[in-house]
2 protein chains.
Amino acid sequence: MTRPSAPSARSKVRRVRELARYDRSSINAILDEATVCHVGFVDDGQPFVIPTAIARIDDHAYIHGSRVSRMLQLLVAGNPACITVTLLDGIVVARSAFNSSMNYRSVVILGSGEKVIGEDKKIVLDAFTEHLIPGRTADIRASRPKELAATTVVRFSLDEASVKISEGPPSDEKSDYESDAWAGVIPLRLKSGKPQPDPRLKSSIPVPTYISKRKT
Amino acid sequence: MTRPSAPSARSKVRRVRELARYDRSSINAILDEATVCHVGFVDDGQPFVIPTAIARIDDHAYIHGSRVSRMLQLLVAGNPACITVTLLDGIVVARSAFNSSMNYRSVVILGSGEKVIGEDKKIVLDAFTEHLIPGRTADIRASRPKELAATTVVRFSLDEASVKISEGPPSDEKSDYESDAWAGVIPLRLKSGKPQPDPRLKSSIPVPTYISKRKT
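These numbers come from a predicted model, not from an experiment.

About the thresholds
- The residue numbers shown here count from 1 along each chain, following its written sequence.
- Labels are handed out in written order, letters beginning with A for the chains and numbers beginning with 1 for the ligands.
- The predicted nature of this model means local features are confined to residues of pLDDT at least 70 and side-chain atom pairs, given and counted, to a pLDDT of 80 or more, with totals for whole chains, interfaces and linings taken over all residues.
- Each copy is superposed on the other by least squares, with the fit set by C-alpha atoms of residues at a pLDDT of at least 70 in both.
- Contacts here follow a simple rule: the backbone-placed C-beta atoms of the two residues must lie within 7 Å.
- At least two bridges found by DSSP between two strands are what make those strands a pair.
- Helix numbers and strand numbers start at the N terminus; a helix is a DSSP run of H or I with at least 4 residues, a strand a run of E with at least 2.
- Only the stretch in contact is used when a helix axis is fitted, and all axes are lines through C-alpha atoms; the angle between N-to-C directions ranges over 0 to 180 degrees.
- One nonpolar core equals one set of buried Ala, Val, Leu, Ile, Met, Phe, Trp, Tyr and Cys residues connected by C-beta atoms within 7 Å.
- Using C-beta atoms placed from the backbone, we call a residue buried if 20 or more other C-beta atoms fall within 10 Å of its own, exposed if 12 or fewer do, and partly exposed for counts in between.
- When residue character is reported, Ala, Val, Leu, Ile, Met, Phe, Trp, Tyr, Cys and Pro are called nonpolar, Asp, Glu, Lys and Arg charged, and the others, Gly included, polar.
- The predictor attaches a confidence to each residue, called pLDDT, with possible values from 0 through 100.

Visitor: Quick rundown of the relation of the copies chain A and chain B? Include the residues and the values.
Guide: Overlaying chain A on chain B yields an RMSD of 0.0 Å, the required transformation being a rotation through 180° with an accompanying axial translation of 0.0 Å. Put plainly, the chains are arranged around a two-fold axis. No C-alpha of chain A lies nearer the rotation axis than that of L190 of chain A, which sits 2.1 Å from it. Comparing interface residues between copies, 99% of those in chain A also lie at the interface in chain B; the contact surface is shared.

Here it is as structure tokens:
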């Protein structure tokens, strides 16, 4: 679903507003390319920011982890949270330090978590596996009831999500274009290396196509 | 300076404590490899998590940005913050979804910011440039007083920093080692691509060695 959505007062991007977007297709594209997010929550007045895996299904972003995690316990209790995803695209090398910056695409989701229970939990955990490695779930056993019970899954609505995208070449002061310093962009990208077999892997098992051909 | 340091009650790692470290050399190595951090702060009870560049000098981590940034204004006012750096090293492909995970190195810094003023500001801003592109400062003009005035620099002590490192092959349930599913690690790494010259670059300026040979 693509729709232009109006930001709430608190989800409205404050700095450099011309880089902001609020439409669902921009949000989804960034979340679907992400491997991890950073989760912000408050415990006794102190903010904490913890990295964890993220997956999206329809209009929600999901995180998961151990049932005994302090973070997840605070989130399922309804405490306010912020989920941020950042894809780093490049270093913007301007002709001055002041105008140098980064190219990136980020999503900031505000809201409170909602605990996922019952059959939905299985669906979401499979989505995490498929998000990171499409084709993997068909190759492994199903999660066991004990494993499902040990895992907490929390979802966040994308209603209060905002996108910020910084792209393109540097923008320099007029007088700096006379500079003899090189200027441009150094692209950055998270890339996969050669799969490293577990030392305990049976020697007859080759790297499956869904791993060797995995897009990164 | 390398020293084993004891964590404070709130900076002690909660989950999977055997992955935790608190020594300064582990902290420094991760911060010095990082391009961005995620800054957590609280505004009217709502946590926010915002990505920004990070640089380290000695016993402090530094962030910077526009003087009018809400985040920086809250931080220089002494509000509690959390600065998190995450280096993603791989996808751990276990024989079950439950034991699959990520390899990563992360630093979580708790504390309050301290505004950097005077001559120190120049030194820190140069450190940001050199952190991302060693050799760059010699090639560009110095920051102007107006630019320095428009920039806020904030530093955080590393006294309440903790490290978490997850590495190595999957750890599976005993019975799962009989599985015929492939298992291992897909390494991940942030890599630089070919530098893209600014369309407005004078054609006589080649890519300098400090950029073409930049380590990533």
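Visitor: Tell me what's going on with the sheet that holds strand β8 (residues 114-116) of chain A, and back it up with residues and numbers.
Guide: All names here are of chain A. Strand order in the open sheet made by the four strands is β4-β5-β9-β8, with antiparallel pairing throughout. Single-partner strands in this sheet number two, and they are β4 (55-57) and β8. Along the sheet, successive strands turn relative to each other by an average axial angle of 40°, direction set aside. Bridge count for β8 against strand β9 (residues 151-157) is three bridges, and the pairing is antiparallel.

Visitor: Go over the nonpolar core with me, naming the residues and quoting the values.
Guide: Of all hydrophobic cores here, the largest spans 86 residues; its most connected members are I54, V107 and I109 of chain A together with I54, V107 and I109 of chain B. Look past the residues within four positions of I54 of chain B in its chain and what remains in contact with it is L31, A34, V36, C37, A61, Y62, I63 and V85 of chain B.

Visitor: Can you lay out unusual backbone geometry for me, pointing to particular residues and giving the numbers?
Guide: Residues and elements named next belong to chain B. Of note, V16 is a non-glycine position whose phi angle comes to about 55°, a positive value. Assignment of secondary structure puts V16 in the segment before β1 (20-21). The phi dihedral of D58 is positive, around 50°, even though this residue is not glycine. Mapping D58 onto the fold places it in the loop between β4 (55-57) and β5 (60-66).

Visitor: Before we move on, could you go through the interface of chain A and chain B and cite the residues and values that matter?
Guide: Contacts between the two partners involve 75 residues from chain A and, on the opposite side, 74 residues from chain B. At the level of secondary structure, the elements contributing two or more residues to the side of chain A that touches chain B comprise β2 (36-43), β3 (46-53), β6 (80-93), β7 (101-112), α3 (119-132), β11 (184-192) and β12 (196-197) of chain A. Take the side of chain A that touches chain B: its biggest share by element is nine residues, from β11 of chain A. Residues belonging to the side of chain A that touches chain B are distributed by class as follows: 44 nonpolar, 18 polar and 13 charged.

Visitor: So, the confidence of the model for chain A: which residues are in play, and what are the values?
Guide: The predicted model of chain A has a mean per-residue pLDDT of 95, with 98% of residues at 70 or higher. At the level of chain-chain contacts, confidence expressed as ipTM amounts to 0.95, with global pTM at 0.95.

Visitor: How would you explain the pairing of β3 of chain A if you had to name every residue and give the values?
Guide: All names here are of chain A. Taken across its eight residues, β3 has six buried, putting it largely inside the fold. Here β2 pairs with β3 via eight bridges, running antiparallel. If you follow V39 over to β3, its bridge partner there is I50. Between β2 and β3, which pair antiparallel in sequence order, lie two residues; one of them, D44, sits at a positive phi of approximately 55°.

Visitor: Before we move on, can you summarise the pairing of β9 of chain A with the specific residues and values?
Guide: Strand residues, when the strand is regular, have side chains that alternate between the two faces of the sheet. Residues and elements named next belong to chain A. β9 sits mainly inside the fold: six of its seven residues count as buried. Two elements, strand β5 (residues 60-66) and β9, share seven bridges in a ladder whose sense is antiparallel. Bridge pairing in β9 places I63 opposite V154.

Visitor: Which residues make up the sheet that holds strand β9 (residues 151-157) of chain B, and what values go with them?
Guide: Residue and element names in this part refer to chain B. A sheet is described by the order of its strands in space; here four strands give the open sequence β4-β5-β9-β8, paired in antiparallel fashion. Because the sheet does not close on itself, it has two edges, and the strands there are β4 and β8 (114-115). Two elements, β4 and β5, share three bridges in a ladder whose sense is antiparallel. Residue pairing across strands places I57 opposite H60, the latter belonging to β5. In the packing of helix α3 (residues 119-132) onto the sheet, the strands contacted are β4, β5 and β9, and the crossing angle to β4 comes to about 125°.

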